[in-house]
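# Summary of the model geometry
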Amino acid sequence: MSQRRSQRLASQSSEQLIRQSSQVSESTQKSSRKKKEDSPKNLDLTGDRLNICLLLLLYTLQGVPMGLSSTVAFSLTEKGASFADQGVFSLASWPFSLKILWAPMIDALYVKKIGQRRTWLIPLQLLVGIALFILSGNLEQMIDSGAKLGDAKPLAMTFFSIYFLLASQDVAVDGWAITMLKRENVGLASTCNAVGQTLGFFASFTGFLVLNAREYCDLKGFVKFWSAMFFASSLAVFLKREDMGRMEEIVGVKETYRQGIKMMSLRNVRSLALILLTRHVAFSPAESLTQLKLLEKGVPKTFLASMNALIAPLNIMMPMVSAKWTAGAKPLKVILNTFVYRGIACAFASVVVVAWTQVIRGDGEDTINYEKASSNVFFSGLVLAWMCVSSALSTVQFVGVMSFFSKVSDESIGGTYMTLLNTLSNLGSKIAETFVLFFVDFVSEKRCDGASSSISTCSTKNERDMCVEAGGKCHLDDGHYHTFVLLSPVLALAWVVWQRKRVQKLSASPLDEWHLSTSRKK
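For the structure given in this document, a descriptive report is provided here. If you're wondering where the values come from, they're calculated on a predicted model, not measured in any experiment. (Residues numbered from 1 in each chain as written. Predicted model: local features only at pLDDT ≥ 70, side-chain atom pairs only at ≥ 80, totals over all residues. Heavy atoms only, no water.)

### Structural notes on the overall build of the protein
If you tally the helices and strands in the protein, you get 24 helices and 2 strands. The 522 residues of the protein split such that 57% are buried. Within the structure as shown, the protein displays about 21600 Å² of accessible surface, and the carbon and sulfur contribution to it stands at 63%. (Helix = DSSP H or I, 4+ residues; strand = E, 2+ residues; numbered from the N terminus. Buried < 20%, exposed > 50% of the residue type's maximum accessible area, 1.4 Å probe, protein only. Areas by Shrake-Rupley, 256 points an atom, 1.4 Å probe, with all protein chains shown as cover.)

Right, here's the structure in full:
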């Protein structure tokens, strides 16, 4: 996922992924593999430069609809949508958490003359382009209806369809990345993933908000532009040929599903699943709610967009900077080393919200000038510091997890294996995010601010409609938000104590214990 809801997704950070030949004995494989993992290698980009550019393009475009959905989320909050409405809209990105259900078909079904991955990528790119073109003419009206009428379902269904196409594309790209690049460069796929999606998210979220604030473009034209980019990318995929020699024997759909079930039966995969499904719990309140809470309190979305623009270089550079921590034999170690620090950064979000409250109270004017208040140097520095630290820690952990996924994935079913692991990671993130949005909305007291009538609460839909009609907006009290956010360091520490031995054990596991191919030979 944005919503770092996004997020999401696949391959490895700059380490070398070298497979041993099947003729070498098992003991020789383990010894050789250990030596290769423990010693750094020099990358040879000869012949792979265009492949890296294509991967960057595909991953960048995957980040675009994610950025657009974040723009929609901001607009919904700005126009008075509740956290429950945001919870409904957050369901739109769930296909990334469910794609394992159809990933085996994408791995196993293809037209040989076109290529295993191009068979899917070409039509998927075209369909996303068509969907965005149609959406461009209706998006603004759908946002207004979702915010004012409290019905975000049409928006959620529309973006759910787009995310479904993107999740399918993600399966194909992840699988193609493993065979597109030379074996010694496979680790660069995760760098393309992290950098590309960051660029796409930044361009379609921060980029749009900044350009729109200066009246350089409107939402309709912006979405149409990216629609054209998807059409262009389908041509780039069409012109690229696949190296089918890198693929092992392709099995049928039933066999692929059987292998997927067998993957879940692996002890290491089940153990890793527990880590992935629980690791977002400590961070979700701060990372899902804080920017929405600031918008609710009047912080201009252009200010938050500017802050996101300032940290964009950090987001782009962190995957490469963090390679020295994530490219070793135990990339999961970075998770343990940064987990509590990320929890502390999440708790700092509470300070940011309180600081904004103090800034607008100290303005001294009857009518609050939110643009002027957001230019307060102390508050701006506070927000920037929080975003930088939070984003850096989140990115380091993301790259570490993706690196581990590529390290242990079985190349014979690369797309499905990577998809399973990414699905588990995304599922943990989405469950935590959606639950937090609905739960905080449910337990918080709702009040009507700025209405010309005597309406003061928004406990029911009728009261909410009356508040909006009277020119007011429904806001939630801050108490439960601060409670959940301040618990982040405690929950992070508890998670580390609980999962440390499990993480260390998985990091030390030999690759053979993760591979179905080894199991079949045995």
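Moving on from the model shown.
### As for the pattern of salt bridges
Using the criterion set out here, one finds 9 salt bridges in the structure. Lysine 99 is paired through a salt bridge with aspartate 170; the nearest N and O atoms lie 2.3 Å apart. With lysine 99 in the loop between helix 4 (95-98) and helix 5 (103-108) and aspartate 170 in helix 8 (residues 153-180), the pair connects residues that are 71 residues apart, well separated along the chain. Comparing lysine 99 with aspartate 170, the two get one shared label, buried. Through salt bridges that share partners, Lys293, Glu296, Lys297 and Asp478 make up one connected network. (Salt bridge = Lys/Arg side-chain N within 4 Å of Asp/Glu carboxyl O.)

### Things to note about the side chain of glutamine 499
In this structure, glutamine 499 sits in helix 23 (residues 488-508). Overall, the relative accessible area of 0% leaves glutamine 499 in the buried class. Aside from chain neighbours lying at most four places away, what touches glutamine 499 is Leu274, Ile275 and Thr278. (Contact = heavy atoms within 4.5 Å.)

### Structural notes on helix 9 (residues 188-204)
Here helix 9 contains 17 residues, and its C-alpha end-to-end distance of 24 Å stays within 8% of the 24 Å for a straight helix at 1.5 Å per residue. With respect to burial, helix 9 is a largely interior element, 14 of its 17 residues being buried. (Expected span 1.5 Å × (residues − 1).)

### Some details on the environment of threonine 423
Take threonine 423: it is sitting in helix 20 (residues 414-443). For threonine 423, a relative accessible area of 4% gives the class buried. Along the sequence, threonine 423 and lysine 99 sit 324 residues apart, while their C-alpha atoms lie 6.7 Å from each other.

### Some words on the nonpolar core
Residues Leu132, Leu139, Leu155, Phe159, Phe379 and Phe405 are the most contacted members of the largest nonpolar core, which totals 128 residues. Not counting the four nearest positions on each side in its chain, phenylalanine 159 is found in contact with Pro65, Leu68, Ser69, Val72, Phe89, Ala92, Leu135 and Leu139. Grouped together as the second largest cluster of nonpolar side chains are 5 residues, Ile455, Cys458, Cys467 and Cys474 included. (Core = buried A, V, L, I, M, F, W, Y, C linked by side-chain atoms within 4.5 Å.)

### Examining the layout of surface pockets
The space that makes up the largest pocket amounts to roughly 550 Å³. In terms of lining residues, the largest pocket is bounded by 28 residues, among which Glu296, Lys297, Gly298, Tyr370 and His475 are the most central. Listed by contribution, the elements that provide at least two residues to the lining of the largest pocket are helix 2 (49-78), helix 14 (284-296), helix 15 (301-321), helix 17 (333-361), helix 18 (370-374), strand 1 (446-449) and strand 2 (473-476). Ranked by residue count, the leading element in the lining of the largest pocket is strand 2, at 4 residues. (1 Å grid on protein atoms, 1.4 Å probe; cavity = no way out; pocket = protein on both sides within 12 Å on 5 of 7 lines; lining within 4 Å. Points joined across faces, edges and corners; volume = space filled by probe spheres on them.)

### Brief notes about the state of the cysteines
One pass over the full model with this rule turns up 1 disulfide. With a sulfur-sulfur separation of 2.0 Å, cysteine 448 is cross-linked through a disulfide to cysteine 467. Around the S-S axis, the bridge from cysteine 448 to cysteine 467 shows a dihedral of about 85 degrees and counts as right-handed. Here cysteine 448, found in strand 1, pairs with cysteine 467, found in helix 21 (residues 461-469); they are 19 residues apart in sequence, far enough to count as distant. With no disulfide of its own, cysteine 192 lies closest to cysteine 53 among cysteine sulfurs, the gap being 8.4 Å. (Disulfide = S-S within 2.5 Å.)

### Some remarks on helix 15
For helix 15, built from 21 residues, the straight-helix expectation of 30 Å at 1.5 Å per residue is met to within 8% by its first-to-last C-alpha distance of 29 Å. Taken as a whole, helix 15 carries its principal kink of about 40 degrees at isoleucine 311; the proline proline 313 stands between one and four residues after it. Of all the residues in helix 15, the buried ones are Lys301, Phe303, Leu304, Ala305, Met307, Asn308, Ile311, Ala312, Asn315, Met318 and Pro319. (Bend = angle between axes of the 7 residues up to and from the residue.)

### Description of the packing of helix 17 against helix 23
Packing of helix 17 against helix 23 leaves a shortest axis separation of 8 Å and a crossing angle of 170 degrees. Classified by the angle their axes make, helix 17 and helix 23 are roughly antiparallel. In this structure, helix 17 uses Ile335, Leu336, Phe339, Val340, Gly343, Ile344, Cys346 and Ala347 to contact helix 23, whose residues at the interface are Ser488, Pro489, Ala492, Leu493, Trp495, Val496, Arg500, Val503 and Gln504. Residue classes in the contact of helix 17 with helix 23 are distributed as 13 nonpolar, 3 polar and 1 charged. (Axes fitted to C-alpha atoms, helices over the stretch in contact; angles between N-to-C directions. Parallel < 35°, antiparallel > 145°, perpendicular 65-115°, else oblique. Nonpolar A, V, L, I, M, F, W, Y, C, P; charged D, E, K, R; others polar.)

Fair warning: the whole summary comes from geometry, so function is off the table for now.
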